[in-house]
Amino acid sequence: MASTWKKLKKSLIAKISTNHHHCRRSFSSSSSSLANGIASSPSPSSATRSSSILSYSFSFRSSKKICAICLGSLKKGEGQAIFTAECSHPFHFNCIATNVQHGNRICPICRSEWKDIPFGAPRNDADSLRNNNIGQARLSPYNASLEDTFVSGFRHNLHQPALPQLETDHFYDDESLPAIHADPSSSARPQAITIKALPEFPSVLASDAVSKFAILVGIRAPPFHVDVQQFDRAPIDLVAVLDISGSMAGKLALLKRAVCFIIRNLGPSDRLSIVTFSSSARRILPLRRMCHSGPDDAICAINALSSSGGTNIVEGLKKGVKVLEERREQNPIASIILLSDGHDTLNGDTRSLYRSVQNHTLNPRHNLQYLYLLPASICPRNNASGDESRQLTIPVHTFGFGSEHDSNAMHAISDISGGTYSFIESIDILQDAFARCMGGLLSVVAQDVQLTIQSISPGVQIGSIPSGRYRSEIFNQGQKAIIDVGSLYADEEKEFLVYLSIPASSHAEGEKKLDKMSLLDVLCSNKDSTTLESVQLRCERVEIRRPEVLSPMDRMVCLEVDRQRNRLSVAEAIANAQRMAELGDLEHAQAVLSEQRIALLSSVSAQAGDALCKWLEAELRETGQRMANMQLYEQSGRAYVLSGLSSHSWQRATTRGHSTTIILREGVTTSTSASISYETPSMVNMVSKSQILNHGSSQQPQRLNKSRSLIQQHK
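A quick note: this is a predicted structure, and the numbers were derived from the prediction, not measured.

Chemist: When you look at the overall build of the chain in this model, what are you seeing that I'm missing?
Modeler: Of regular secondary structure, the chain possesses 19 helices and 21 strands. Taking as baseline every contact in the chain between residues at least 6 positions apart, the subset at least 24 positions apart corresponds to 75%. Accessible surface for the chain amounts to roughly 33100 Å². Of this, 51% is attributable to carbon and sulfur atoms.

Chemist: I would appreciate a short explanation of the nonpolar core in the present structure.
Modeler: As a rule of thumb, soluble globular proteins bury nonpolar side chains together. In terms of nonpolar packing, the biggest core is built from 67 residues, with Leu242, Phe399 and Met627 touching the most fellow members. At eight residues, the largest contribution of residues to this core is made by helix H4 (residues 252-265). Contact partners of Phe399, with chain neighbours within four places excluded, come to Ile337, Leu338, Leu339, Ser340, Met410, Ser422, Ile424, Ala433, Phe434 and Cys437.

Chemist: Help me out: how do you make sense of the packing of aromatic side chains in this one?
Modeler: The way to describe two aromatic rings as a pair is by their centre distance and the angle between their planes. Summed over the entire model, instances satisfying the criterion amount to four aromatic pairs. Between the aromatic rings of Phe399 and Phe434, the centroid separation amounts to 5.0 Å while the plane-to-plane angle is 85°, which identifies the pairing as edge-to-face. With Phe399 in strand S11 (residues 396-401) and Phe434 in helix H10 (residues 430-441), the pair connects residues that are 35 residues apart, well separated along the chain. Taking the relative accessible area as the measure of exposure, Phe434 reaches 1% and is therefore buried. Aromatic side chains Tyr470 and Trp650 sit 5.1 Å apart centroid to centroid with 90° between the ring planes, which places their arrangement in the edge-to-face category. A residue pair is termed long-range when its members are at least 10 positions apart, and Tyr470 in the loop between strand S14 (461-464) and strand S15 (472-475) and Trp650 in helix H15 (residues 630-650) qualify at 180 residues.

Chemist: Before we go on, may I ask you to explain the pattern of salt bridges in this structure?
Modeler: Applying the stated rule across the entire model yields 32 salt bridges. A salt bridge links Asp270 to Arg233; the shortest N-O distance between them is 2.4 Å. Taken as a pair, Asp270 in the loop between H4 and strand S8 (271-277) and Arg233 in the loop between strand S6 (210-220) and strand S7 (236-243) lie far apart in primary sequence, 37 residues in all. Comparing Asp270 with Arg233 shows no difference in burial state: the two are buried. Ionic pairing is found between Arg545 and Asp515, a salt bridge with its closest N-O pair at 3.6 Å. Remark: Asp515 occurs in the loop between strand S17 (493-502) and strand S18 (516-528) and Arg545 occurs in strand S20 (residues 542-545); sequence separation between them is 30 residues. Using a relative accessible area of 30% as the deciding quantity, one classes Arg545 as partly exposed.

Chemist: Got a minute to help me understand H15 in this structure?
Modeler: In an α-helix there are 3.6 residues to a turn, and that puts residues three or four apart on one side. If you check H15, its first and last C-alpha atoms are 28 Å apart, about what 21 residues at 1.5 Å a residue would give, namely 30 Å. Along H15, the sharpest change in direction is near 50° and occurs at Ser636. Burial runs high along H15: 16 of the 21 residues are buried. Its side-chain oxygen 3.2 Å from the backbone nitrogen of Gln631, Asn629 forms the N-cap of H15. Two residues or fewer past H15, Gln651 is found with a positive phi of approximately 50°.

Chemist: What is the right way to look at unusual backbone geometry in this model?
Modeler: Most of the time, phi is negative for any residue but glycine, and the peptide bond is trans. Here Gln477, not a glycine, exhibits a phi torsion of approximately 55°, which is positive. Within the secondary structure, Gln477 is located in the loop between S15 and strand S16 (480-489). At Gln651, a residue that is not glycine, the phi angle is positive and equals roughly 50°. Along the chain, Gln651 falls in the loop between H15 and strand S21 (656-657). Classification of Gln651 by relative accessible area gives buried; the value is 5%.

Chemist: Hey, could you run me through the confidence of the model for the chain in this one?
Modeler: Averaged over all residues, the pLDDT of the chain equals 77, while 68% of them reach at least 70. The model gives residues 15-63 a pLDDT under 50, and that stretch makes 44 contacts with residues more than four places away or in other chains. Segment residues 660-675: pLDDT under 50, and 28 contacts once partners within four positions in sequence are set aside and those in other chains are kept.

Chemist: When you look at the environment of Ser203 in this model, what are you seeing that I'm missing?
Modeler: Tracing the backbone shows Ser203 in the loop between strand S5 (194-199) and S6. Assessed through its relative accessible area of 4%, Ser203 is described here as buried. For the pair Ser203 and Val557, spaced 354 residues apart in the sequence, the C-alpha separation amounts to 9.9 Å. In contact with Ser203, other than residues within four places in its own chain, are Arg545, Pro547, Leu550 and Asp554. A polar side-chain atom of Ser203 sits 3.1 Å from a polar atom in the side chain of Arg545.

About the thresholds
Residues numbered from 1 in each chain as written. Predicted model: local features only at pLDDT ≥ 70, side-chain atom pairs only at ≥ 80, totals over all residues. Heavy atoms only, no water. Helix = DSSP H or I, 4+ residues; strand = E, 2+ residues; numbered from the N terminus. Contact = heavy atoms within 4.5 Å. Areas by Shrake-Rupley, 256 points an atom, 1.4 Å probe, with all protein chains shown as cover. Core = buried A, V, L, I, M, F, W, Y, C linked by side-chain atoms within 4.5 Å. Buried < 20%, exposed > 50% of the residue type's maximum accessible area, 1.4 Å probe, protein only. Phe/Tyr/Trp six-rings, centres within 6.5 Å; stacked < 30°, edge-to-face > 60°. Salt bridge = Lys/Arg side-chain N within 4 Å of Asp/Glu carboxyl O. Expected span 1.5 Å × (residues − 1). Bend = angle between axes of the 7 residues up to and from the residue. Polar contact = N/O pair within 3.5 Å; in protein donor to acceptor, adjacent residues only side chain to side chain. pLDDT = per-residue confidence, 0-100.

Set out below in structure tokens:
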């Protein structure tokens, strides 16, 4: 065996020597281009060869002058001990001692095995430091391709980086928040949330008792009047949990560009941490403010990523949660964005997970083993005390890439934590998907929003509130109800149907007959995200007439109530069809969608040309097409449907599908289309900014909206 290895080694040295002159010339040319701020993009066929050339060039030209681990100078007299291995390659003693500490006896340059190794590894008395290199991101910029160094249009000077920071056992090293000085003279303070409450019909016959009378209760957040970046908004603590497994190799460049877009659009009070995962997970950037050197350090960390290993989503989320749970200071908003293109290969099968989650009963008897692996901050039911109501939940917004990602798990993670799930069918629209999500997260104007609904007439009882994934509860035998909405983005709307039972009108003999009947009072409370002040707003009472005879006007249904009922019915039909598709019964799934489409088109609001109904009809049609056969459903239908259900259940925009073109039908404006798809103006502006960066400001407006959701495509 030893003789065979010697022969191979001699052969390899001979080949390296033959190509040595060519390698040096190639590296010099590349270095010249970088010095001029030009990053050439090698063709796919030459990518492997270029990487090999760069490696050889580095080993021959620089191994004597630069530490191959940290790329720092190896000049003597600079205060750092130098270790020279038996193969004659020198390194900083601290660098190589840390490398050897975990049993690595292979030279990083020539790959020969050492017999003599450094005696000890560096220690830090303040914190026990460790460096887990197995299946993780490599932090040296040397491992990044030349074109990645300039990803997303940034030009960064190539400087000698500091020693790589070893990951600590505890994450209470977050950067301190700036002192906040309130400006009482500021004229840009957010306005109050507005409330509306509309009855299904303006009148109910006095002699009639109605068992299910609908009231539309809606709220709308105040708008931004200036750019999100400059507005006195609530700052965010954001953790990006990124998949860098081997399957991400061909997608890494666009992922880097998209994350750099996020970095560019965070403000000086926002903080970002980056966690990467493959077979294991690692925090490559602590929670840093995006000011001063913060953005540059974040971009360097992103550009140094390379892909390898398996997929350990659970470990990545645990580390992301740990960053937020152990921070010393807290911004008002905290969130995690999770990106993956595959199945969790280290934590069991999750393919049947969704069927147990979709019914929203949160029944502990269901076999949700995968969710049980998640931290309680993501999955409140995992709280050891069993009290889910007191568990602080961190929303996780998930992004699944391509046809091979685990849509069941990605949707379940977002659904249980209060986040949204986006299906990125084409990696080209990843940055736009990020932009849509960040447009919302960077525009939070209200938190802890809660609607309180109170019955104010005898016999009027609240029966049910189909509130999607928002928690609702009915008290006092139907006399009172609450809906926990949580946070609201600027200009964001939420609408809920409240079903009442109304008794027949009665009055004692001699009493004056009342023509009107008061049904409900609606109260909204919230915390302002910038001042942290509690705000309460009382709405006008909901009243109806109780005539002896109904006029034609009394029989006219409220179009807003009807359209909201259509939205809920379509979402329910799609969920039912999806459950049938999971069982392989596509015939009945198609029948459910077809029946709902007929019912939708015959509704009053659809007959009146309501824009929402047109979009819902298009969504039913698209869903049916993606359920044409099991192969298509497995490839894209499941993910497309789950992303749509995520959007409906939270009434919040998601990106789904392969949206490469936008078809704006005659008479429909961008603002109208955006409002229907739950997109807010801040989201639209951020997506437009992304597309301008990608395609140039000379594009026509219709082309700038290329990644809009299906709602906008079919308007």
